[in-house]
Amino acid sequence: MNRPAVPAHTPMSQFLQHAGELLVGGIPLSRLAARAGQTPFYAYDRQLLTRRVDELRTALPPSVKLHYAMKANPMPALVCHMAALVDGIDVASAGELKVALDAGADPREISFAGPAKRRSELRQAVAAGILINVESFREVAELAEICAESGHVARLAVRVNPDFELKSAGMKMGGGARQFGVDAEQVPELLAEIGRSGMKFEGFHLFAGAQNLKCEAIVEAQRKSFELAVLLAQSAPSAVRFLNLGGGFGIPYFPGEQRLDLTPIGHNLADLVDRAGRELPEAELVIELGRYLVGEAGIYVTRIVDRKVSRGHTFLVCDGGLHQHLSASGNFGQVIRKNYPIAIGNRMAAGECETVSVVGPLCTPLDLLADRMELAKAEIGDLVVIFQSGAYGFSASPQAFLGHPFCLELLV
Ligand SMILES: *Cc1c(COP(=O)(O)O)cnc(C)c1O
């Protein structure tokens, strides 16, 4: 009998297996858990991080600069690893700025965006000598005062809220009314103010949205961002040196989603590099990526504490859950809850499967990590692995909720 085709998760082929165990950085999962000394934990694979950067370098024109947006994963050891591979780090707070500087990133290659930069953060950013992506008239006025007080020269770029949206983005962050950036139509006036202030104008930053799996939509957003920047450059007090075209490259989380095709994006960027040579001759093109660089290199590992059958439905009850992996529970911006790719990491070769729900230890029905998924038949003590967990996991989860122990992060 034919069963209707159920969309499947894209295979998580980035991780190898051996003797029925998932390998992280060549280490079998149960051994890694013993090394960690506890569950739950996040594990990030250095080789996969490096490989992802290499793949991007191959697909994109060599002159396009690659920045890591560290809010995706701010673990200090991981930021150190990334800082050595990419051309710059994008931070979104003074806390992230400290981690980036500690990681050895060159201040000239750090940029700072965020809609509520406090005066103290602006002062720190000016002292550090990083590029500040200003998002309001208030920031420009405060920066001018900080420069007058300190004698330091602020470097700034204008974050533009474009007059178009990124189609098919999982999360839209530009176009229409937004708290991010300065509306494109107000930018000429802001540029005039920057010119009068004597601060160092260096370029534009546009970020249309995140988690996009449609290469045509990314190509269109990057082309429109470029054209808007060329137009706005006519009002700039000095030449554009940096043009940050954003990113928004997505990774496949849910059944039916496929990995992004980089080829058309690379071709389009090559075309924009050509055009920049004529239309913005002093500008370096930058793209900033968070989840695309780190998301697929990370897993979350939690141990099965109990196995219960309730009126015919099997629940694997684990020591980790929503409080440590909010997005896998479906509560980090998803409209409809869908399952992340999940496996029983110490039974990768198992023959027998069953349909189960994987839940965490919290006293709320929201603490659901997998809803009716077909997994290898698992026992108490087995290790549940949630893939695609290298971004917006540990730091994007309410770990204090319900007072369970905090989880660990390992870079392997
Ligand atoms: C969040 C954010 C990013 C990173 O988004 P990803 O989806 O992780 O690639 C990049 N730039 C800005 C301005 C952001 O706010």
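Residues numbered from 1 in each chain as written. Predicted model: local features only at pLDDT ≥ 70, side-chain atom pairs only at ≥ 80, totals over all residues. Heavy atoms only, no water.

**Regarding the overall build of the chain**
1) Next: For the chain, the count of helices and strands is ten helices and 22 strands.
2) Next: Scaling as 2.2 N^0.38, a compact globule of 412 residues should have a C-alpha radius of gyration of about 22 Å, and the chain matches this with 23 Å.
3) Next: For the chain, the C-alpha atoms occupy an extent of roughly 70 × 45 × 35 Å along the three principal directions.
4) Next: The 412 residues of the chain split such that 56% are buried.
5) Next: Expressed as a percentage of contacts within the chain between residues at least 6 apart in sequence, the contacts between residues at least 24 apart total 73%.
6) Next: When the accessible surface of the chain is split by element, carbon and sulfur atoms take 54% of a total near 17400 Å².
7) Next: On the chain, the mean spot of the 40 positive side-chain charges and the mean spot of the 45 negative ones are 4 Å from each other. (Helix = DSSP H or I, 4+ residues; strand = E, 2+ residues; numbered from the N terminus. Rg over C-alpha atoms; globule rule 2.2 N^0.38 Å. Buried < 20%, exposed > 50% of the residue type's maximum accessible area, 1.4 Å probe, protein only. Contact = heavy atoms within 4.5 Å. Areas by Shrake-Rupley, 256 points an atom, 1.4 Å probe, with all protein chains shown as cover. Lys, Arg positive; Asp, Glu negative; His and termini not counted. Charge placed at Lys NZ, Arg CZ, Asp CG, Glu CD.)

**Quick notes on the nonpolar core**
Nonpolar side chains tend to gather and get buried jointly when the protein is soluble and globular.
1) Next: If you look at the biggest cluster of nonpolar residues, it comprises 128 residues, and the most contacted ones within it are Tyr68 and Phe204.
2) Next: Per-element accounting of this core gives the leading share, ten residues, to helix α8 (residues 215-233).
3) Next: Counting the residues that make up this core, at least three belong to each of domain 1 (17-44 + 296-411) and domain 2 (113-289). (Core = buried A, V, L, I, M, F, W, Y, C linked by side-chain atoms within 4.5 Å. Domains from an automatic or database assignment.)

**Here we look at the domain arrangement of the chain**
1) Next: By domain assignment, the chain separates into domain 1 (17-44 + 296-411) and domain 2 (113-289).
2) Next: Each of domain 1 and domain 2 has a C-alpha centre, and the two are 37 Å apart.
3) Next: Counting each side, the surface lost to burial between domain 1 and domain 2 is near 740 Å², with a carbon and sulfur contribution of 59%.
4) Next: Among the residues domain 1 hides against domain 2, the three largest losses belong to Glu296, Lys338 and Gln388. Together they make up 55% of the total.
5) Next: For arginine 259, the salt bridge is made with glutamate 296, and the minimal N-O distance between the two is 2.7 Å.
6) Next: Counting across the interface, domain 1 meets domain 2 through two residue pairs in polar contact (both at pLDDT 80 or more).
7) Next: Considering only residue class, the side of domain 1 that touches domain 2 consists of two nonpolar, three polar and two charged. (Buried area = accessible area lost by both parts, 1.4 Å probe. Salt bridge = Lys/Arg side-chain N within 4 Å of Asp/Glu carboxyl O. Polar contact = N/O pair within 3.5 Å; in protein donor to acceptor, adjacent residues only side chain to side chain. Nonpolar A, V, L, I, M, F, W, Y, C, P; charged D, E, K, R; others polar.)

**Quick notes on helix α5 (residues 119-128)**
1) Next: Along α5, the positions that sit buried rather than exposed are Glu121, Leu122, Ala125 and Val126. Looking straight down α5, one finds its buried side chains confined to an arc of 135°; they lie on one side.
2) Next: Following α5 by one or two positions, glycine 129 adopts a phi angle in the positive range, close to 80°. (Arc of directions from axis to C-beta.)

**What about unusual backbone geometry?**
1) Next: For the bond running from threonine 39 to proline 40, omega is -10°, close enough to zero to count as cis.
2) Next: When you line up the elements, proline 40 lands in the loop between α1 (29-36) and β4 (41-44).
3) Next: Non-glycine residue alanine 19 carries a positive phi angle of around 50°.
4) Next: On the secondary structure map, alanine 19 appears in the loop between β1 (17-18) and β2 (21-24).
5) Next: The backbone of arginine 311 shows a phi angle near 50°, a positive value even though the residue is not glycine.

**Regarding the packing of helix α6 (residues 137-150) against helix α7 (residues 187-197)**
1) Next: In the contact formed by α6 and α7, the axes pass within 11 Å of each other and the chain directions differ by 0°. One element, α6, and the other, α7, form an angle in the roughly parallel class. In this structure, α6 uses Phe137, Val140 and Ala144 to contact α7, whose residues at the interface are Glu189, Leu190, Glu193, Ile194 and Ser197.
2) Next: Along the lines of polarity and charge, the residues of the contact of α6 with α7 split into five nonpolar, one polar and two charged. (Axes fitted to C-alpha atoms, helices over the stretch in contact; angles between N-to-C directions. Parallel < 35°, antiparallel > 145°, perpendicular 65-115°, else oblique.)

**Description of the pattern of salt bridges**
1) Next: Within the structure shown, the criterion is met by 26 salt bridges.
2) Next: Between aspartate 106 and arginine 108 there is a salt bridge, with the nearest N and O atoms lying 2.8 Å from each other.
3) Next: We classify aspartate 106 as partly exposed; its relative accessible area is 29%.
4) Next: A salt bridge links glutamate 139 to lysine 117, with the shortest nitrogen-to-oxygen separation between them at 3.0 Å. Placement of glutamate 139 in helix α6 and of lysine 117 in the loop between β7 (110-112) and α5 is noted, with a sequence separation of 22 residues between them.
5) Next: In the salt-bridge network here, residues are joined through shared partners; they are Arg119, Arg138, Glu142, Glu145 and Glu149.

**Section: the site of the ligand**
1) Next: Near the ligand the following residues occur: Ala69, Lys71, Arg159, Met173, His205, Phe207, Ala210, Glu288, Leu289, Gly290, Arg291 and Tyr392.
2) Next: For the ligand, an oxygen atom lies 2.8 Å from a polar atom in the side chain of lysine 71.
3) Next: Residue arginine 291 places a main-chain N or O atom 2.8 Å away from an oxygen atom belonging to the ligand.
4) Next: Within the complex, 92% of the 390 Å² of free accessible area of the ligand lies under protein.
5) Next: Along the lines of polarity and charge, the residues of the shell around the ligand split into six nonpolar, two polar and four charged. (Near = heavy atom within 4 Å.)

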